Amino acid sequence: MSTTTLPASTPRLSQFVQQFSDLLDGRPAEAETLERGGELLAELIAHDDWLPAEYARPSPQRYQQYLLHVDARERFSVVSFVWGPGQATPIHDHTVWGLVGLLRGAEQSQAYARSADGRWQPQGAPHTLAPGQVEAVSPSIGDVHRVSNALAGQPSISIHVYGADIGKVQRSVYLEDGTRKPFVSGYSNPVVPAP
Ligand SMILES: [Fe+2]
């Protein structure tokens with residue numbers, strides 16, 4: 001079986017990975033990681049000319065999450081999320097910090113909060129990310145949301161950075177009645193090489 005070649009030779013992505021690694025070398029607090037890392041991500045997604053086609057491919061079955069890079073020490077991972085028309089995540093958490101930058105199309109995010117009776121309810125209004133915009137999630141600032149493609153007729157693509165090898169993290173999806181289901185997302189790449 002052949003292995004998937006990650007697009008490490010893409011200059012913009014390579015530069016981003018190096019800058020993000022340098023940032024984490026300074027052992028920043030989470031707030032600084034999100035602020036400075038968000039600026040780096042904004043620079044990466046300011047140009048939509050670098051994501052290889054095989055990492056931008058939607059599936060009619062479900063949204064795709066392609067691993068672009070995982071740090072050798074698993075301090076962070078970079079993933080392209082590709083949403084087909086009408087596709088959405090369940091309500092889910094991350095358990096680690098995350099940055100979401102919209103590369104192409106439009107994406108809607110609805111935060112959720114648990115009410116006193118244990119149900120999950122929308123918290124505030126949904127907001128729409130346009131190309132170039134970045135948002136953050138984490139257990140300390142709000143970690144539960146539901147994300148959907150805001151466009152009915154075309155794919156949307158966002159670039160995500162997480163504070164772990166996110167495809168291997170034990171996480172949860174939730175139903176609005178409070179039911180929790182454990183999940184590990186994995187990746188959509190046919191084969192993901194070890195870091
Ligand atoms: Fe998410």
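Residues numbered from 1 in each chain as written. Predicted model: local features only at pLDDT ≥ 70, side-chain atom pairs only at ≥ 80, totals over all residues. Heavy atoms only, no water.

Draft legend 1. Layout of the coordination of the iron ion. Protein coordination of the iron ion is provided by His92 (NE2), His94 (NE2) and His145 (NE2), with donor distances spanning 2.1 Å. Between consecutive donor residues of the iron ion, the sequence gaps follow H-x1-H-x50-H. Exposure class is identical for His92 and His94. Each is buried. (Donors = N, O, S within 2.8 Å, 3.2 Å for Na, K, Ca; no water. Buried < 20%, exposed > 50% of the residue type's maximum accessible area, 1.4 Å probe, protein only.)

Draft legend 2. Representation of the pairing of strand 2 (residues 77-83) in the model. In terms of burial, strand 2 is largely enclosed, as 7 of its 7 residues are buried. Alternating positions in strand 2 separate into two faces, Ser77, Val79, Phe81 and Trp83 on one and Val78, Ser80 and Val82 on the other, with burial throughout. In this sheet, strand 2 lies alongside strand 1 (residues 64-70) in antiparallel orientation, the contact comprising 6 bridges. Of the residues in strand 2, the one forming a bridge with His69 is Val78. The turn joining strand 1 and strand 2, which pair antiparallel and follow one another in sequence, is formed by 6 residues; a positive phi near 60° is taken by Glu74. (Helix = DSSP H or I, 4+ residues; strand = E, 2+ residues; numbered from the N terminus. Pairing = 2+ DSSP bridges.)

Draft legend 3. Up close: the UniProt feature "binding site: Fe cation" (unreviewed entry) in the chain. Here, UniProt's "binding site: Fe cation" (unreviewed entry) annotation points to His92, His94 and His145. These annotated residues cover 54 residues of sequence, and their C-alpha atoms lie no more than 9.3 Å from one another, placing them together at a single site. Its location among the elements puts His94 in the loop between strand 3 (91-92) and strand 4 (98-104). By secondary structure assignment, the location of His145 is in strand 9 (residues 145-149). Looking at His145, the relative accessible area reads 5%, which means it is buried. If sequence neighbours within four positions are ignored, His145 has contacts with Thr89, Pro90, Ile91, His92, His94, Ser109, Gln110, Ala111, Tyr112, Glu135 and Val137. (UniProt positions renumbered as here; feature names shortened; annotations may be inferred. Contact = heavy atoms within 4.5 Å.)

Draft legend 4. Unusual backbone geometry, seen in detail. Although it is not a glycine, Arg27 adopts a positive phi angle of roughly 50°. Tracing the sequence through the fold places Arg27 in the loop between helix 1 (11-25) and helix 2 (30-45). Its identity is not glycine, yet Glu74 carries a phi of approximately 60°, on the positive side. Residue position: Glu74 is located in the loop between strand 1 and strand 2.

Draft legend 5. Spatial organisation of the packing of aromatic side chains. This model, assessed by the stated rule, comprises 8 aromatic pairs. Geometrically, the ring pair formed by Phe16 and Phe20 is tilted, given 5.5 Å between the ring centres and 55° between the ring planes. Taken together, the residues span about one helical turn, with Phe16 and Phe20 both in helix 1 at a distance of 4 residues. Judged on exposure class, the residue Phe16 and its partner Phe20 are both buried. Considering the side-chain rings of Phe20 and Trp97, the 5.8 Å spacing of their centres and the 20° angle between planes classify their relative orientation as stacked. Linking Phe20 in helix 1 with Trp97 in the loop between strand 3 and strand 4, this pair joins segments that are 77 residues apart in sequence. (Phe/Tyr/Trp six-rings, centres within 6.5 Å; stacked < 30°, edge-to-face > 60°.)

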